[in-house]
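# Architecture and fold: a report
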Amino acid sequence: MGRLIIISNRLPFSIDREGDQLTLRQSSGGLVSAIKSYFESESSKNRGFTEKLWLGVADFPQNEWTVVAEKLEGRDFEVIPLFLNKLLYKDYYNGFSNSLLWPLFHYFPSLVEYQAHYYDAYVKVNRAFADKLKPLLQPDDTVWVHDYQLMMLPEMLRTDNPDITVGFFLHIPFPSYELFRMLPAEWKSSLLKGVLGSDLVGFHTHDYAQHFLQSVKMILGVDSNFHNMQYQDRLVKADLFPISIDYKKFNTACDDPETKQHYKDIRNNFEGKKIIFSVDRLDYTKGLMDRLNAFEYFLEQYPEWREKVVFILNIVPSRDDIQAYNDRKQQIEQKIGTINGKISTITWQPIIYRYTHLPFNELAALYKAADVALITPLRDGMNLVAKEYVASCSARIGVLILSELAGAANELNEALLVNPTDIVEVSNAINKALTMPQEEQQHRMALMQQRLSDYDVIKWVSDFLDQLSNVKVEQEKQQVK
Ligand code: GDG
(Lines give C-alpha, C1' and ligand atoms only; values in the text may rest on other atoms or scores of the structure.)
Protein backbone atom coordinates (compact mmCIF):
# COMPACT_ATOMS: atom_id res chain seq x y z
CA MET A 1 0.00 0.00 0.00
CA GLY A 2 1.41 3.38 -1.01
CA ARG A 3 0.63 6.88 0.23
CA LEU A 4 -2.69 8.69 0.53
CA ILE A 5 -2.68 12.22 -0.86
CA ILE A 6 -5.63 14.47 -0.07
CA ILE A 7 -6.04 17.53 -2.27
CA SER A 8 -8.40 20.37 -1.46
CA ASN A 9 -8.49 24.03 -2.34
CA ARG A 10 -7.22 25.20 1.06
CA LEU A 11 -4.97 23.46 3.54
CA PRO A 12 -6.87 22.13 6.57
CA PHE A 13 -5.66 24.91 8.87
CA SER A 14 -5.24 28.65 8.81
CA ILE A 15 -2.88 31.02 10.55
CA ASP A 16 -3.86 33.41 13.34
CA ARG A 17 -1.46 36.28 13.98
CA GLU A 18 -0.86 38.27 17.12
CA GLY A 19 2.09 40.61 16.66
CA ASP A 20 4.78 38.34 15.23
CA GLN A 21 3.32 35.23 16.93
CA LEU A 22 1.73 32.71 14.58
CA THR A 23 -0.71 30.06 15.74
CA LEU A 24 -2.34 27.35 13.66
CA ARG A 25 -6.11 26.96 13.79
CA GLN A 26 -7.83 23.90 12.34
CA SER A 27 -10.44 24.89 9.75
CA SER A 28 -14.00 24.01 10.75
CA GLY A 29 -15.47 22.75 7.43
CA GLY A 30 -16.99 19.32 7.00
CA LEU A 31 -14.18 17.90 4.87
CA VAL A 32 -11.46 18.81 7.35
CA SER A 33 -13.20 17.21 10.33
CA ALA A 34 -14.02 14.14 8.19
CA ILE A 35 -10.46 13.51 7.09
CA LYS A 36 -8.97 14.40 10.49
CA SER A 37 -11.25 11.97 12.29
CA TYR A 38 -10.34 9.32 9.74
CA PHE A 39 -6.59 9.92 10.11
CA GLU A 40 -6.91 9.45 13.88
CA SER A 41 -9.02 6.29 13.56
CA GLU A 42 -8.03 2.64 13.74
CA SER A 43 -9.46 2.12 10.23
CA SER A 44 -6.88 4.45 8.80
CA LYS A 45 -4.04 2.79 10.73
CA ASN A 46 -5.22 -0.66 9.63
CA ARG A 47 -5.40 0.28 5.98
CA GLY A 48 -1.64 0.69 6.01
CA PHE A 49 -0.98 3.79 3.94
CA THR A 50 2.75 4.35 4.25
CA GLU A 51 2.24 8.11 4.54
CA LYS A 52 -0.56 10.67 4.40
CA LEU A 53 -0.15 14.00 2.70
CA TRP A 54 -2.40 17.03 2.20
CA LEU A 55 -1.93 19.47 -0.67
CA GLY A 56 -3.74 22.80 -0.71
CA VAL A 57 -3.27 26.54 -1.14
CA ALA A 58 -1.48 28.17 1.80
CA ASP A 59 -3.01 31.23 3.47
CA PHE A 60 0.43 32.42 4.56
CA PRO A 61 3.36 33.79 2.51
CA GLN A 62 6.10 31.48 1.32
CA ASN A 63 8.73 33.07 3.59
CA GLU A 64 6.76 31.90 6.66
CA TRP A 65 6.72 28.26 5.58
CA THR A 66 9.71 27.25 7.74
CA VAL A 67 8.04 28.61 10.88
CA VAL A 68 4.70 27.01 9.98
CA ALA A 69 6.39 23.69 9.15
CA GLU A 70 7.94 23.61 12.65
CA LYS A 71 4.50 24.05 14.19
CA LEU A 72 3.19 21.19 12.10
CA GLU A 73 5.72 18.68 13.41
CA GLY A 74 4.17 15.63 15.03
CA ARG A 75 0.93 15.74 12.99
CA ASP A 76 -0.29 12.53 11.45
CA PHE A 77 0.00 13.93 7.93
CA GLU A 78 2.54 15.86 5.84
CA VAL A 79 1.54 19.22 4.43
CA ILE A 80 2.35 20.32 0.87
CA PRO A 81 1.60 24.04 0.58
CA LEU A 82 0.89 25.65 -2.76
CA PHE A 83 1.75 29.35 -2.98
CA LEU A 84 -0.18 31.33 -5.55
CA ASN A 85 -0.23 34.84 -6.87
CA LYS A 86 -3.03 36.71 -5.07
CA LEU A 87 -4.73 38.08 -8.19
CA LEU A 88 -4.70 34.71 -9.90
CA TYR A 89 -6.16 33.10 -6.77
CA LYS A 90 -8.89 35.74 -6.61
CA ASP A 91 -10.04 35.11 -10.18
CA TYR A 92 -9.98 31.35 -9.64
CA TYR A 93 -11.60 31.32 -6.18
CA ASN A 94 -13.88 34.36 -5.87
CA GLY A 95 -14.32 34.35 -9.63
CA PHE A 96 -14.80 31.03 -11.41
CA SER A 97 -15.36 28.90 -8.30
CA ASN A 98 -17.64 31.13 -6.25
CA SER A 99 -19.19 33.55 -8.73
CA LEU A 100 -19.82 30.94 -11.41
CA LEU A 101 -19.76 27.28 -10.36
CA TRP A 102 -21.21 27.88 -6.88
CA PRO A 103 -24.35 29.81 -7.98
CA LEU A 104 -24.90 27.61 -11.05
CA PHE A 105 -24.58 24.33 -9.15
CA HIS A 106 -26.93 25.66 -6.43
CA TYR A 107 -29.61 26.68 -8.97
CA PHE A 108 -28.98 30.45 -8.92
CA PRO A 109 -28.24 30.96 -12.65
CA SER A 110 -29.05 34.68 -12.48
CA LEU A 111 -26.07 35.22 -10.14
CA VAL A 112 -23.56 33.56 -12.48
CA GLU A 113 -20.81 35.83 -13.80
CA TYR A 114 -19.51 34.52 -17.13
CA GLN A 115 -16.02 36.00 -17.36
CA ALA A 116 -13.36 34.54 -19.64
CA HIS A 117 -10.52 35.59 -17.32
CA TYR A 118 -12.14 33.65 -14.45
CA TYR A 119 -12.04 30.53 -16.58
CA ASP A 120 -8.39 31.12 -17.57
CA ALA A 121 -7.47 31.50 -13.90
CA TYR A 122 -9.33 28.29 -13.00
CA VAL A 123 -7.39 26.32 -15.64
CA LYS A 124 -4.09 27.86 -14.48
CA VAL A 125 -4.66 27.11 -10.80
CA ASN A 126 -5.74 23.52 -11.48
CA ARG A 127 -2.54 23.24 -13.56
CA ALA A 128 -0.50 24.69 -10.68
CA PHE A 129 -1.83 21.92 -8.38
CA ALA A 130 -0.89 19.29 -10.99
CA ASP A 131 2.58 20.77 -11.47
CA LYS A 132 3.18 20.86 -7.73
CA LEU A 133 2.32 17.19 -7.42
CA LYS A 134 4.01 15.91 -10.58
CA PRO A 135 7.59 15.57 -9.25
CA LEU A 136 6.35 14.11 -5.95
CA LEU A 137 4.01 11.40 -7.24
CA GLN A 138 4.86 7.72 -6.89
CA PRO A 139 3.15 4.96 -8.93
CA ASP A 140 1.31 3.36 -5.99
CA ASP A 141 -0.05 6.63 -4.52
CA THR A 142 -3.79 7.07 -4.00
CA VAL A 143 -4.88 10.63 -4.71
CA TRP A 144 -8.23 11.98 -3.50
CA VAL A 145 -9.24 15.33 -5.02
CA HIS A 146 -12.00 17.34 -3.35
CA ASP A 147 -14.64 19.65 -4.66
CA TYR A 148 -15.74 22.09 -7.30
CA GLN A 149 -12.60 24.24 -7.22
CA LEU A 150 -10.53 21.36 -8.66
CA MET A 151 -12.71 19.70 -11.27
CA MET A 152 -10.01 19.79 -13.95
CA LEU A 153 -7.26 18.40 -11.78
CA PRO A 154 -7.97 14.63 -12.12
CA GLU A 155 -7.48 14.73 -15.91
CA MET A 156 -4.26 16.75 -15.54
CA LEU A 157 -2.90 14.24 -13.03
CA ARG A 158 -3.87 11.33 -15.32
CA THR A 159 -2.13 12.89 -18.33
CA ASP A 160 1.04 13.27 -16.26
CA ASN A 161 0.75 9.75 -14.77
CA PRO A 162 -1.57 7.46 -16.81
CA ASP A 163 -1.69 4.64 -14.22
CA ILE A 164 -2.38 6.77 -11.20
CA THR A 165 -5.27 6.03 -8.77
CA VAL A 166 -7.47 9.12 -8.47
CA GLY A 167 -10.77 9.66 -6.71
CA PHE A 168 -12.83 12.85 -6.94
CA PHE A 169 -15.57 13.93 -4.55
CA LEU A 170 -18.02 16.78 -5.15
CA HIS A 171 -19.28 18.33 -1.89
CA ILE A 172 -21.94 20.52 -3.52
CA PRO A 173 -24.90 19.46 -5.68
CA PHE A 174 -24.27 18.49 -9.28
CA PRO A 175 -27.10 20.36 -11.03
CA SER A 176 -29.51 18.98 -13.57
CA TYR A 177 -28.36 18.99 -17.20
CA GLU A 178 -30.69 21.93 -17.95
CA LEU A 179 -28.56 24.07 -15.62
CA PHE A 180 -25.15 22.62 -16.45
CA ARG A 181 -25.70 23.08 -20.19
CA MET A 182 -25.86 26.86 -19.67
CA LEU A 183 -22.05 26.95 -19.49
CA PRO A 184 -20.12 27.84 -22.65
CA ALA A 185 -19.32 24.72 -24.73
CA GLU A 186 -15.58 24.59 -24.04
CA TRP A 187 -16.01 25.14 -20.30
CA LYS A 188 -18.60 22.46 -19.73
CA SER A 189 -16.77 19.80 -21.71
CA SER A 190 -13.43 20.64 -20.00
CA LEU A 191 -15.03 20.37 -16.56
CA LEU A 192 -16.55 16.97 -17.33
CA LYS A 193 -13.41 15.63 -19.00
CA GLY A 194 -11.45 16.94 -16.04
CA VAL A 195 -13.54 14.96 -13.56
CA LEU A 196 -13.45 11.85 -15.79
CA GLY A 197 -9.68 11.71 -15.30
CA SER A 198 -10.63 10.02 -12.00
CA ASP A 199 -11.30 6.34 -11.46
CA LEU A 200 -14.12 7.00 -9.01
CA VAL A 201 -16.36 10.07 -8.80
CA GLY A 202 -18.36 10.53 -5.59
CA PHE A 203 -21.53 12.51 -4.87
CA HIS A 204 -23.72 12.93 -1.78
CA THR A 205 -26.96 11.72 -3.37
CA HIS A 206 -28.32 9.50 -6.11
CA ASP A 207 -29.79 12.54 -7.91
CA TYR A 208 -26.45 14.37 -8.12
CA ALA A 209 -24.80 11.25 -9.56
CA GLN A 210 -27.61 10.85 -12.12
CA HIS A 211 -27.35 14.52 -13.13
CA PHE A 212 -23.63 14.09 -13.69
CA LEU A 213 -24.10 10.94 -15.77
CA GLN A 214 -26.73 12.66 -17.88
CA SER A 215 -24.48 15.65 -18.56
CA VAL A 216 -21.63 13.30 -19.50
CA LYS A 217 -23.95 11.55 -21.96
CA MET A 218 -25.45 14.70 -23.48
CA ILE A 219 -22.23 16.71 -23.68
CA LEU A 220 -19.51 14.11 -24.24
CA GLY A 221 -21.67 11.34 -25.73
CA VAL A 222 -20.40 8.83 -23.16
CA ASP A 223 -23.02 6.27 -22.09
CA SER A 224 -23.22 4.74 -18.66
CA ASN A 225 -24.30 1.33 -17.49
CA PHE A 226 -25.73 1.83 -14.01
CA HIS A 227 -22.86 3.75 -12.43
CA ASN A 228 -20.13 2.64 -14.82
CA MET A 229 -18.72 4.49 -17.81
CA GLN A 230 -16.17 3.38 -20.33
CA TYR A 231 -14.19 6.54 -20.95
CA GLN A 232 -11.05 6.55 -23.13
CA ASP A 233 -10.85 2.75 -22.71
CA ARG A 234 -10.89 3.04 -18.97
CA LEU A 235 -13.60 2.13 -16.48
CA VAL A 236 -14.80 5.18 -14.53
CA LYS A 237 -17.40 4.81 -11.84
CA ALA A 238 -19.76 7.49 -10.42
CA ASP A 239 -21.46 6.60 -7.17
CA LEU A 240 -23.02 8.04 -4.03
CA PHE A 241 -21.26 8.49 -0.71
CA PRO A 242 -23.36 10.65 1.59
CA ILE A 243 -20.85 12.38 3.87
CA SER A 244 -21.39 11.91 7.58
CA ILE A 245 -20.05 13.39 10.81
CA ASP A 246 -17.83 12.33 13.68
CA TYR A 247 -20.81 10.89 15.51
CA LYS A 248 -18.97 10.07 18.72
CA LYS A 249 -17.52 13.57 19.02
CA PHE A 250 -20.95 15.20 18.88
CA ASN A 251 -22.69 12.52 20.89
CA THR A 252 -20.27 12.90 23.79
CA ALA A 253 -19.71 16.66 23.49
CA CYS A 254 -22.18 17.35 26.30
CA ASP A 255 -20.02 15.49 28.82
CA ASP A 256 -17.37 18.18 28.52
CA PRO A 257 -17.41 20.61 31.51
CA GLU A 258 -17.10 23.69 29.27
CA THR A 259 -20.08 22.58 27.15
CA LYS A 260 -22.05 21.90 30.34
CA GLN A 261 -21.35 25.41 31.60
CA HIS A 262 -22.40 27.01 28.29
CA TYR A 263 -25.54 24.89 28.30
CA LYS A 264 -26.42 26.00 31.84
CA ASP A 265 -25.89 29.66 30.94
CA ILE A 266 -28.09 29.40 27.86
CA ARG A 267 -30.92 27.64 29.69
CA ASN A 268 -30.78 30.10 32.62
CA ASN A 269 -30.83 33.01 30.27
CA PHE A 270 -33.94 31.78 28.46
CA GLU A 271 -35.71 30.18 31.39
CA GLY A 272 -39.23 29.02 30.56
CA LYS A 273 -38.77 29.74 26.85
CA LYS A 274 -38.46 27.40 23.90
CA ILE A 275 -35.31 27.84 21.84
CA ILE A 276 -35.18 27.64 18.06
CA PHE A 277 -31.63 27.58 16.72
CA SER A 278 -29.86 27.83 13.41
CA VAL A 279 -26.22 28.26 12.38
CA ASP A 280 -25.08 28.83 8.80
CA ARG A 281 -22.39 30.52 6.81
CA LEU A 282 -23.65 33.78 5.36
CA ASP A 283 -24.65 32.50 1.93
CA TYR A 284 -27.64 33.09 -0.35
CA THR A 285 -28.03 29.30 -0.69
CA LYS A 286 -28.84 29.00 3.01
CA GLY A 287 -32.30 30.59 2.65
CA LEU A 288 -31.83 33.02 5.52
CA MET A 289 -34.29 35.60 4.19
CA ASP A 290 -37.03 33.01 3.59
CA ARG A 291 -36.37 31.62 7.06
CA LEU A 292 -36.81 35.05 8.64
CA ASN A 293 -40.00 35.63 6.66
CA ALA A 294 -41.33 32.27 7.84
CA PHE A 295 -40.47 33.04 11.48
CA GLU A 296 -42.18 36.43 11.25
CA TYR A 297 -45.24 34.76 9.72
CA PHE A 298 -45.18 32.14 12.49
CA LEU A 299 -45.32 34.84 15.19
CA GLU A 300 -48.27 36.41 13.39
CA GLN A 301 -50.14 33.14 12.81
CA TYR A 302 -49.46 31.74 16.27
CA PRO A 303 -49.41 34.79 18.58
CA GLU A 304 -49.71 32.48 21.61
CA TRP A 305 -45.98 31.76 21.15
CA ARG A 306 -44.96 35.40 21.60
CA GLU A 307 -42.72 35.85 24.66
CA LYS A 308 -42.50 32.04 24.92
CA VAL A 309 -39.98 31.39 22.15
CA VAL A 310 -36.63 32.81 21.02
CA PHE A 311 -34.88 32.24 17.72
CA ILE A 312 -31.10 32.17 18.18
CA LEU A 313 -29.72 32.86 14.73
CA ASN A 314 -25.98 32.51 14.33
CA ILE A 315 -24.46 33.55 11.05
CA VAL A 316 -20.83 32.76 10.30
CA PRO A 317 -18.92 35.32 8.18
CA SER A 318 -18.10 34.00 4.72
CA ARG A 319 -16.77 35.26 1.36
CA ASP A 320 -17.46 38.86 2.36
CA ASP A 321 -15.27 40.19 -0.43
CA ILE A 322 -17.89 39.04 -2.99
CA GLN A 323 -20.58 41.67 -3.60
CA ALA A 324 -23.51 39.20 -3.71
CA TYR A 325 -22.60 38.14 -0.14
CA ASN A 326 -22.18 41.63 1.25
CA ASP A 327 -25.54 42.75 -0.15
CA ARG A 328 -27.26 39.79 1.49
CA LYS A 329 -25.75 40.61 4.89
CA GLN A 330 -27.28 44.09 4.85
CA GLN A 331 -30.69 42.80 3.76
CA ILE A 332 -30.71 40.11 6.45
CA GLU A 333 -29.68 42.50 9.20
CA GLN A 334 -32.38 44.93 8.12
CA LYS A 335 -34.98 42.18 8.21
CA ILE A 336 -33.91 41.08 11.70
CA GLY A 337 -34.14 44.69 12.87
CA THR A 338 -37.62 45.01 11.36
CA ILE A 339 -38.93 41.85 13.03
CA ASN A 340 -37.40 42.68 16.41
CA GLY A 341 -38.56 46.29 16.19
CA LYS A 342 -42.09 45.26 15.30
CA ILE A 343 -42.69 42.31 17.62
CA SER A 344 -40.40 42.72 20.68
CA THR A 345 -41.79 43.70 24.05
CA ILE A 346 -39.89 45.49 26.83
CA THR A 347 -38.84 42.11 28.28
CA TRP A 348 -38.57 39.93 25.19
CA GLN A 349 -36.83 40.00 21.83
CA PRO A 350 -37.81 37.27 19.34
CA ILE A 351 -34.48 37.00 17.45
CA ILE A 352 -31.08 36.82 19.10
CA TYR A 353 -28.70 37.43 16.22
CA ARG A 354 -24.95 36.94 16.19
CA TYR A 355 -22.51 37.29 13.30
CA THR A 356 -19.55 35.23 14.46
CA HIS A 357 -17.76 31.89 14.41
CA LEU A 358 -18.64 30.00 17.60
CA PRO A 359 -16.11 27.97 19.59
CA PHE A 360 -16.93 24.24 19.39
CA ASN A 361 -18.14 23.91 22.99
CA GLU A 362 -20.58 26.75 22.59
CA LEU A 363 -21.90 25.30 19.35
CA ALA A 364 -22.38 21.92 21.05
CA ALA A 365 -24.19 23.58 23.97
CA LEU A 366 -26.52 25.40 21.58
CA TYR A 367 -27.26 22.15 19.73
CA LYS A 368 -28.17 20.55 23.05
CA ALA A 369 -30.21 23.51 24.31
CA ALA A 370 -32.21 23.92 21.10
CA ASP A 371 -35.78 22.59 21.26
CA VAL A 372 -35.93 23.05 17.51
CA ALA A 373 -33.23 23.32 14.84
CA LEU A 374 -34.49 25.29 11.87
CA ILE A 375 -32.32 24.37 8.90
CA THR A 376 -33.82 25.57 5.66
CA PRO A 377 -31.28 26.00 2.84
CA LEU A 378 -32.61 26.65 -0.66
CA ARG A 379 -30.01 24.12 -1.88
CA ASP A 380 -27.27 22.32 -0.01
CA GLY A 381 -25.00 19.48 -1.11
CA MET A 382 -25.52 17.74 2.22
CA ASN A 383 -25.70 20.06 5.30
CA LEU A 384 -23.74 18.74 8.22
CA VAL A 385 -25.33 21.05 10.78
CA ALA A 386 -28.56 19.00 10.51
CA LYS A 387 -26.63 15.80 11.22
CA GLU A 388 -24.64 17.38 14.06
CA TYR A 389 -27.82 18.63 15.76
CA VAL A 390 -29.31 15.14 15.67
CA ALA A 391 -26.11 13.52 16.93
CA SER A 392 -25.52 16.03 19.71
CA CYS A 393 -25.84 14.33 23.06
CA SER A 394 -27.26 10.93 23.81
CA ALA A 395 -30.93 10.32 24.66
CA ARG A 396 -31.79 13.62 23.12
CA ILE A 397 -35.11 15.27 22.55
CA GLY A 398 -35.70 18.13 20.15
CA VAL A 399 -37.08 18.47 16.65
CA LEU A 400 -35.23 19.01 13.41
CA ILE A 401 -37.00 21.06 10.75
CA LEU A 402 -35.08 20.46 7.54
CA SER A 403 -35.32 21.71 3.97
CA GLU A 404 -36.22 19.01 1.50
CA LEU A 405 -33.64 20.62 -0.83
CA ALA A 406 -30.67 19.70 1.39
CA GLY A 407 -28.88 16.45 0.54
CA ALA A 408 -29.29 15.45 4.21
CA ALA A 409 -33.08 15.18 3.71
CA ASN A 410 -32.49 11.86 1.93
CA GLU A 411 -31.27 10.26 5.15
CA LEU A 412 -33.02 12.25 7.88
CA ASN A 413 -36.55 11.18 7.00
CA GLU A 414 -37.83 11.57 10.57
CA ALA A 415 -37.18 15.33 10.49
CA LEU A 416 -40.06 17.65 9.62
CA LEU A 417 -39.20 18.15 5.96
CA VAL A 418 -40.27 21.47 4.45
CA ASN A 419 -40.09 23.48 1.27
CA PRO A 420 -37.91 26.39 2.46
CA THR A 421 -39.65 28.98 0.30
CA ASP A 422 -43.14 28.09 1.56
CA ILE A 423 -43.51 30.32 4.62
CA VAL A 424 -46.89 28.82 5.53
CA GLU A 425 -45.48 25.29 5.57
CA VAL A 426 -42.41 26.35 7.56
CA SER A 427 -44.52 28.31 10.04
CA ASN A 428 -46.83 25.32 10.58
CA ALA A 429 -43.79 23.06 10.99
CA ILE A 430 -42.42 25.35 13.73
CA ASN A 431 -45.72 25.11 15.59
CA LYS A 432 -45.82 21.34 15.11
CA ALA A 433 -42.24 21.03 16.40
CA LEU A 434 -42.93 23.17 19.46
CA THR A 435 -46.01 21.12 20.37
CA MET A 436 -44.67 17.65 19.52
CA PRO A 437 -44.96 15.19 22.43
CA GLN A 438 -41.60 14.25 23.99
CA GLU A 439 -42.00 10.52 23.23
CA GLU A 440 -42.45 11.28 19.54
CA GLN A 441 -39.40 13.58 19.57
CA GLN A 442 -37.33 10.87 21.23
CA HIS A 443 -38.54 8.21 18.84
CA ARG A 444 -37.71 10.26 15.73
CA MET A 445 -34.32 11.26 17.15
CA ALA A 446 -33.39 7.71 18.12
CA LEU A 447 -34.02 6.45 14.58
CA MET A 448 -31.93 9.21 13.04
CA GLN A 449 -29.15 8.83 15.62
CA GLN A 450 -28.95 5.11 14.88
CA ARG A 451 -28.53 5.80 11.18
CA LEU A 452 -25.79 8.38 11.78
CA SER A 453 -23.87 6.21 14.19
CA ASP A 454 -24.05 3.25 11.76
CA TYR A 455 -22.55 5.31 8.92
CA ASP A 456 -20.24 7.84 10.52
CA VAL A 457 -17.55 9.82 8.82
CA ILE A 458 -14.89 7.17 9.28
CA LYS A 459 -17.13 4.72 7.40
CA TRP A 460 -17.66 7.39 4.73
CA VAL A 461 -13.92 7.73 4.09
CA SER A 462 -13.31 3.97 4.24
CA ASP A 463 -16.23 3.30 1.92
CA PHE A 464 -14.90 5.74 -0.68
CA LEU A 465 -11.35 4.37 -0.49
CA ASP A 466 -12.58 0.74 -0.66
CA GLN A 467 -14.61 1.45 -3.78
CA LEU A 468 -11.68 3.32 -5.31
CA SER A 469 -9.45 0.25 -4.94
CA ASN A 470 -12.27 -1.95 -6.27
CA VAL A 471 -12.45 0.13 -9.45
CA LYS A 472 -8.71 -0.35 -9.95
CA VAL A 473 -9.13 -4.12 -9.57
CA GLU A 474 -11.98 -4.11 -12.11
CA GLN A 475 -9.88 -2.04 -14.52
CA GLU A 476 -7.05 -4.56 -14.26
CA LYS A 477 -9.45 -7.44 -14.94
CA GLN A 478 -10.70 -5.64 -18.06
CA GLN A 479 -7.12 -5.24 -19.29
CA VAL A 480 -6.36 -8.96 -18.83
CA LYS A 481 -9.41 -9.96 -20.91
C1 GDG B 1 -19.79 21.89 1.85
C2 GDG B 1 -21.20 21.79 1.24
C3 GDG B 1 -21.67 19.78 2.61
C4 GDG B 1 -20.48 26.15 11.15
N5 GDG B 1 -20.54 27.22 11.94
C6 GDG B 1 -19.71 27.01 12.96
C7 GDG B 1 -19.11 25.77 12.80
N8 GDG B 1 -19.60 25.26 11.68
C9 GDG B 1 -19.26 23.94 11.14
C10 GDG B 1 -20.44 23.02 11.34
C11 GDG B 1 -20.27 22.04 10.18
C12 GDG B 1 -19.61 22.90 9.10
O13 GDG B 1 -19.03 24.02 9.74
C14 GDG B 1 -20.61 23.42 8.09
O15 GDG B 1 -21.26 22.34 7.49
P16 GDG B 1 -21.68 22.33 5.98
O17 GDG B 1 -22.42 21.07 5.72
O18 GDG B 1 -22.39 23.60 5.62
O19 GDG B 1 -20.26 22.21 5.29
P20 GDG B 1 -19.31 23.11 4.35
O21 GDG B 1 -17.97 22.52 4.54
O22 GDG B 1 -19.42 24.54 4.64
O23 GDG B 1 -19.89 22.88 2.88
C24 GDG B 1 -22.19 21.14 2.20
C25 GDG B 1 -20.23 19.89 3.12
O26 GDG B 1 -19.36 20.56 2.20
C27 GDG B 1 -19.63 18.51 3.39
O28 GDG B 1 -19.56 17.75 2.21
O29 GDG B 1 -22.48 19.28 3.65
O30 GDG B 1 -23.45 20.99 1.57
O31 GDG B 1 -21.65 23.10 0.88
O32 GDG B 1 -19.40 21.01 10.52
O33 GDG B 1 -20.34 22.46 12.62
N34 GDG B 1 -18.23 25.25 13.68
C35 GDG B 1 -17.92 26.01 14.76
N36 GDG B 1 -18.44 27.26 14.95
C37 GDG B 1 -19.34 27.80 14.10
O38 GDG B 1 -19.80 28.94 14.30
N39 GDG B 1 -17.06 25.52 15.66
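As the structure is a prediction and not an experimental result, all values here were calculated from the model.

### Thoughts on the site of the ligand
The ligand sits among 22 residues. The nearest are Gly-29, Gly-30, Gly-381, Met-382 and Leu-384. If you list the elements that add at least two residues to the shell around the ligand, you get helix H1 (30–40), strand S12 (274–281), helix H14 (360–369) and helix H15 (384–391). Classifying every residue of the shell around the ligand by side-chain character gives eleven nonpolar, eight polar and three charged.

### A closer look at helix H5 (residues 116–133)
For H5, which comprises 18 residues, the first-to-last C-alpha distance of 26 Å matches the rise-based estimate of 26 Å (1.5 Å per residue) to within 8%. Among the residues of H5, Tyr-118, Tyr-119, Ala-121, Tyr-122, Val-125, Asn-126, Ala-128, Phe-129, Ala-130 and Leu-133 are the ones counted as buried. Where H5 is buried, its residues meet strand S1 (4–10), strand S4 (52–57), strand S5 (78–82), helix H4 (86–105), helix H6 (153–160) and helix H8 (185–195).

### Things to note about the packing of H5 against H6
At a closest axis distance of 9 Å, the pairing of H5 and H6 adopts a crossing angle of 35 degrees. Where H5 crosses over H6, the handedness of that crossing is right-handed. Counting all contacts with H5, which are made through Asn-126, Arg-127, Phe-129, Ala-130 and Leu-133, the residues of H6 involved are Leu-153, Met-156, Leu-157 and Asp-160.

### Considerations on the sheet that holds S5
Consider a sheet: its strands pair through backbone hydrogen bonds, and that pairing is either parallel or antiparallel. With mixed pairing, nine strands are arranged side by side in an open sheet as S5-S4-S1-S6-S7-S8-S11-S10-S9. Taken across any chain shown, the strands that pair with only one partner, and hence form the sheet edges, are S5 and strand S9 (224–225). Sheet topology note: the S1/strand S6 (residues 142–146) ladder contains four bridges and is parallel. The partner of Leu-4 across the bridge, within S6, is Thr-142. Taken strand by strand, H5 contacts S1, S4 and S5, and its axis lies near 135 degrees from that of S5.

### Some details on the pairing of strand S10 (residues 228–231)
Where S9 meets S10, two bridges bridge the pair, whose relative direction is antiparallel. Residue pairing across strands places Asn-225 opposite Asn-228, the latter belonging to S10. Here S10 pairs with strand S11 (residues 234–240) via four bridges, running antiparallel. Looking at the pairing, Asn-228 lines up with Lys-237 of S11. What sits between S10 and S11 in their antiparallel hairpin is a turn of two residues, with Gln-232 showing a positive phi close to 50 degrees.

### A closer look at the environment of Ser-14
Its place among the elements puts Ser-14 in strand S2 (residues 13–18). Since 15 C-beta atoms lie within 10 Å of it, Ser-14 is described here as partly exposed. Sequence separation between Ser-14 and Asp-265 is 251 residues; the distance between their C-alpha atoms is 30 Å. If we skip the residues at most four places from it in the chain, Ser-14 touches Arg-25, Ser-27 and Asp-59.

Quick notes on the rules
- Residues numbered from 1 in each chain as written.
- Predicted model: local features only at pLDDT ≥ 70, side-chain atom pairs only at ≥ 80, totals over all residues.
- Near = placed C-beta within 6 Å.
- Helix = DSSP H or I, 4+ residues; strand = E, 2+ residues; numbered from the N terminus.
- Nonpolar A, V, L, I, M, F, W, Y, C, P; charged D, E, K, R; others polar.
- Expected span 1.5 Å × (residues − 1).
- Buried ≥ 20, exposed ≤ 12 C-beta atoms within 10 Å, placed from the backbone.
- Contact = placed C-beta atoms within 7 Å.
- Axes fitted to C-alpha atoms, helices over the stretch in contact; angles between N-to-C directions.
- Left-handed = near helix turned anticlockwise from the far one by under 90°.
- Pairing = 2+ DSSP bridges.

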